[in-house]
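Residue-level listing of the chains:
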Amino acid sequence: MRIQANPGQKMTSTSLIYTLAFWGLAILIFLTPFFRGLFFEGEQLKALIWATIVFWLVCLGKYTKRDYSFFSHPLDYLILALPLAYCLAAFNAVNTGLAVTEVVKNLLYFMAYWIAVQLVREVADLYKLLHVIYLAAVGVALAGLATATGLISINDGFVGGRIYSTFQYPNALASYLAMASFIGFLFWLINGQLTLGATVKNKLLVKAMSSWLGNIRLYGYLYSMANFVLLAVLFGTKSRGGLL
């Protein structure tokens, strides 16, 4: 991704279209873990339809600013090669239905990658998407804990003393939570020492805030609690591959 560290610069001249597309991508990233991790065809098709809408918005935004480029980095071609390879393999597949499912899944991966490459232009945009991934993982972890303790019921969410959560598959859940934990550690290192008073922008709130409240390192506590939940559920999956 070509990221520009200029938080004061607007994303594009067609900021409204790109803003809609950006949060459309954020919704896609946030919701997919709660739909059985997109392991099944029905959820994959719904996600592909949503990704196609966001893809169209990005193309519209590029057209309005007369940007007709589609690829701008060698990695773009390599990512596209994956769904193309599945398309070629589908012609001689033993099971055509499963082959088409794999084509749909890898096409969805490419579209999500391409949309992110087009929209993430500043460090602030990158942190927003990482927070979306992180918050989704925390939600999945909390759902797993709630299922394990009997607070809620998720089909195959807790089986044989192992937490499956919304993924319904412990090894995939463990890998996902391990990835999210590294993101959480990053956020804790960056924001853990920030005080509440240092991040409040409203001058009236700053004046009304007492000194002890303004000096609380609230973000460090929040990230620590969220990371603890992620690690607790990670161990609760009892996945050796995930721990490795």
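Right above here is the structure, for reference.
Computed from a prediction, not measured in an experiment: that's the story for all the values here.

Chemist: What is the right way to look at the nonpolar core in this model?
Modeler: Here is a general trend for soluble globular proteins: nonpolar side chains tend to be buried in one another's company. Leu-25, Val-58, Ile-115 and Leu-119 are the most contacted members of the largest nonpolar core, which totals 25 residues. At the level of secondary structure, the elements contributing two or more residues to this core comprise α1 (15-31), α2 (41-64), α4 (96-119) and α5 (123-148). No other element matches the eight residues that α4 contributes to this core. In terms of nonpolar packing, the next biggest core, distinct from the first, is built from 24 residues, Leu-130, Tyr-134, Val-138 and Ala-226 among them.

Chemist: Looking at this model, I keep getting lost on the environment of His-131. Mind explaining?
Modeler: Mapped onto the elements of the fold, His-131 is located in helix α5. Since its relative accessible area comes to 24%, His-131 is described here as partly exposed. Considering only alpha carbons, one finds His-131 and Phe-30, 101 residues apart in sequence, at a separation of 9.6 Å. Each residue touching His-131, except ones within four places of it in the same chain, is listed here: Phe-187 and Tyr-223. For His-131, the side chain forms a polar contact with the side chain of Tyr-223, separated by 2.7 Å.

Chemist: Where do I start with the pattern of salt bridges in this structure?
Modeler: Considering all chains together, one arrives at two salt bridges under this definition. For Lys-62, the salt bridge is made with Asp-67, and the minimal N-O distance between the two is 2.9 Å. Residue classification places Lys-62 among the buried residues on the basis of a relative accessible area of 3%. Two residues, Glu-102 and Lys-105, come together in a salt bridge whose shortest N-O distance is 3.2 Å. With Glu-102 and Lys-105 both in helix α4, this residue pair falls three residues apart, about one helical turn.

Chemist: Whenever I open this one, a nonpolar patch on the surface confuses me. Can you help?
Modeler: Together, Ile-27, Phe-30, Leu-31, Phe-35, Ile-49, Trp-50, Ile-53 and Leu-135 line one region of the surface with nonpolar side chains, adding up to about 720 Å² of accessible area. The set of elements that each furnish at least two residues to the nonpolar patch consists of α1 and α2. Of note, Leu-135 is situated in helix α5.

Chemist: Please explain unusual backbone geometry as it appears in this structure.
Modeler: Comment: phi is negative for the bulk of residues other than glycine, and the bulk of peptide bonds are trans. The phi dihedral of Ser-165 falls on the positive side, at around 50 degrees, and the residue is not glycine. Mapped onto the elements of the fold, Ser-165 is located in the loop between β2 (162-163) and α6 (170-191). In the Ramachandran plot, Lys-238 falls in the positive-phi region, its phi being about 55 degrees despite a non-glycine side chain. By secondary structure assignment, the location of Lys-238 is in the loop between α10 (218-236) and α11 (240-243). By relative accessible area, which is 52% here, Lys-238 ends up exposed.

Cut-offs applied
- Residues numbered from 1 in each chain as written.
- Predicted model: local features only at pLDDT ≥ 70, side-chain atom pairs only at ≥ 80, totals over all residues.
- Heavy atoms only, no water.
- Core = buried A, V, L, I, M, F, W, Y, C linked by side-chain atoms within 4.5 Å.
- Buried < 20%, exposed > 50% of the residue type's maximum accessible area, 1.4 Å probe, protein only.
- Helix = DSSP H or I, 4+ residues; strand = E, 2+ residues; numbered from the N terminus.
- Contact = heavy atoms within 4.5 Å.
- Polar contact = N/O pair within 3.5 Å; in protein donor to acceptor, adjacent residues only side chain to side chain.
- Salt bridge = Lys/Arg side-chain N within 4 Å of Asp/Glu carboxyl O.
- Patch = residues over 30% accessible without salt bridge, like charges linked within 9 Å, V, L, I, M, F, W, Y side chains within 5 Å.
- Areas by Shrake-Rupley, 256 points an atom, 1.4 Å probe, with all protein chains shown as cover.

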